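Architecture and fold: a report
Single-letter residue listing:
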Amino acid sequence: MPRLAERARAESWSHEEFLAACLQREVSARESHGGEERIRAARFPARKALEDFDYEHARSLKRDVIAHLGTLDFVTARDNVVFLGPPGTGKTMLAIGLGIRACQAGHRVLFATAAEWVARLADAHQAGRLHDELRKLGRYPLLVIDEVGYIPFEPEAANLFFQLVSARYERASLIVTSNKPFGRWGEVFGDDVVAAAMIDRLVHHAEVISLKGDSYRLKNRDLGRIPAQATED
């Protein structure tokens, strides 16, 4: 605890952020075995923690908003979280961080990209068990849908995605990340009407967070510099 307090002072954490970190540490200690099993079962692509997020790079993001989400009240309330912004601004890291915290708090979580979710639902649909698959996914308090907008959907895929969102409306939580603003989701799903209906259900009970700035992955990279040519033969 002393080290955590020192870090909180050094990084100017809010009281809510410090409280959430203390809660996470206590939950992790009590449920370390079960939490690790849930984290593995969730299939996160990497291990990320909310405390490691670089707020200095993402200065438009308010720490207290993420700290409040870290209390997981949105999961209890069956609300959603949507992260919008250009590539490399931290959307996936925040989604993973919240997902891992939910696992450590005892919630079952599943993570996949939008394309992977659609492929999973398409397989279920072709096998005649789409309803059963949606009902099975409904038992998970939290699903994470990453990278909406990177690949446009065919009409059938858009319909499957809409059914997933609709099935969880006011029943269970979603975390969604997208590089496209809502105004361009019609391009992603190939139908403005479908996109509008999906957005309506998604954001009715949701925290929508827009991230701005340059890609963190390109931080300190001088991409515009021309490499110096060798002057010696």
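The structure under discussion appears in the preceding block.
Anyway, here's the lowdown on the structure attached to this text.

Scoring rules and cut-offs
- Residues numbered from 1 in each chain as written.
- Predicted model: local features only at pLDDT ≥ 70, side-chain atom pairs only at ≥ 80, totals over all residues.
- Heavy atoms only, no water.
- Helix = DSSP H or I, 4+ residues; strand = E, 2+ residues; numbered from the N terminus.
- Buried < 20%, exposed > 50% of the residue type's maximum accessible area, 1.4 Å probe, protein only.
- Contact = heavy atoms within 4.5 Å.
- Pairing = 2+ DSSP bridges.
- Axes fitted to C-alpha atoms, helices over the stretch in contact; angles between N-to-C directions.
- Salt bridge = Lys/Arg side-chain N within 4 Å of Asp/Glu carboxyl O.
- Expected span 1.5 Å × (residues − 1).
- Arc of directions from axis to C-beta.
- Polar contact = N/O pair within 3.5 Å; in protein donor to acceptor, adjacent residues only side chain to side chain.
- Phe/Tyr/Trp six-rings, centres within 6.5 Å; stacked < 30°, edge-to-face > 60°.

**Some points on the overall build of the protein**
Summing up its helical and strand segments, the protein has 11 helices and 5 strands in all. Burial analysis of the protein (233 residues in total) assigns 44% to the buried set. In the protein, 81% of the contacts between residues at least 6 apart in sequence involve partners at least 24 apart.

**Details of the sheet that holds strand β2 (residues 109–113)**
What the 5 strands build is an open sheet, ordered β2-β3-β4-β1-β5; its pairing is parallel. In the strand order of this sheet, the two ends are held by β2 and β5 (206–210), each with one partner. Between one strand and the next, the sheet's axes are offset by a mean angle of 10 degrees, whatever the strand orientation. Against the sheet, helix α7 (residues 114–126) contacts β2 and β3 (142–148), and its axis sits at roughly 105 degrees relative to β2.

**Comments concerning the environment of Glu116**
By secondary structure assignment, the location of Glu116 is in helix α7. Once the C-alpha coordinates of Glu116 and Asp146 are considered, the two residues, 30 residues apart in sequence, prove to be 9.2 Å apart.

**Concerning the pattern of salt bridges**
For the coordinates displayed, the defined rule picks out 9 salt bridges. Asp52 is the salt-bridge partner of Arg7, the closest N and O atoms lying 3.3 Å from each other. Here Asp52 lies in the loop between α3 (32–42) and α4 (63–69) and Arg7 lies in helix α1 (residues 2–10), a separation of 45 residues in the sequence. Among the ionic contacts, a cluster of salt bridges with common partners joins Arg7, Glu11 and Asp52.

**Details of helix α11 (residues 192–203)**
Compared with an ideal rise of 1.5 Å per residue, which puts 12 residues at 16 Å, α11 spans 16 Å between its outermost C-alpha atoms and is within 8% of the ideal. Taken together, the buried positions of α11 are Ala195, Met198, Ile199 and Leu202. Each buried residue of α11 sits inside an arc of 100 degrees when the element is viewed along its axis, so together they form one side. In this structure, α11 carries Val193 and Asp200 as exposed residues pointing more than 90 degrees from its buried face. Buried residues in α11 make contact with β1 (80–84), α9 (155–168), β4 (173–178), α10 (185–189) and β5. Among the residues of α11, the N-terminal cap falls to Asp191, whose side-chain oxygen and the backbone nitrogen of Val193 are separated by 2.8 Å.

**What to know about the packing of aromatic side chains**
Within this structure, the stated rule accounts for 7 aromatic pairs. Ring centres 5.4 Å apart and planes at 40 degrees place the aromatic pair Phe161 and Phe189 in the tilted group. Here the residue Phe161 occupies a position in helix α9, and Phe189 occupies one in helix α10, the gap between them amounting to 28 residues. Residue Phe161 is classed as buried on the basis of its relative accessible area of 2%. Three or more aromatic residues joined by ring pairs make a cluster, and in this case those are Phe153, Phe161, Phe182, Trp185 and Phe189.

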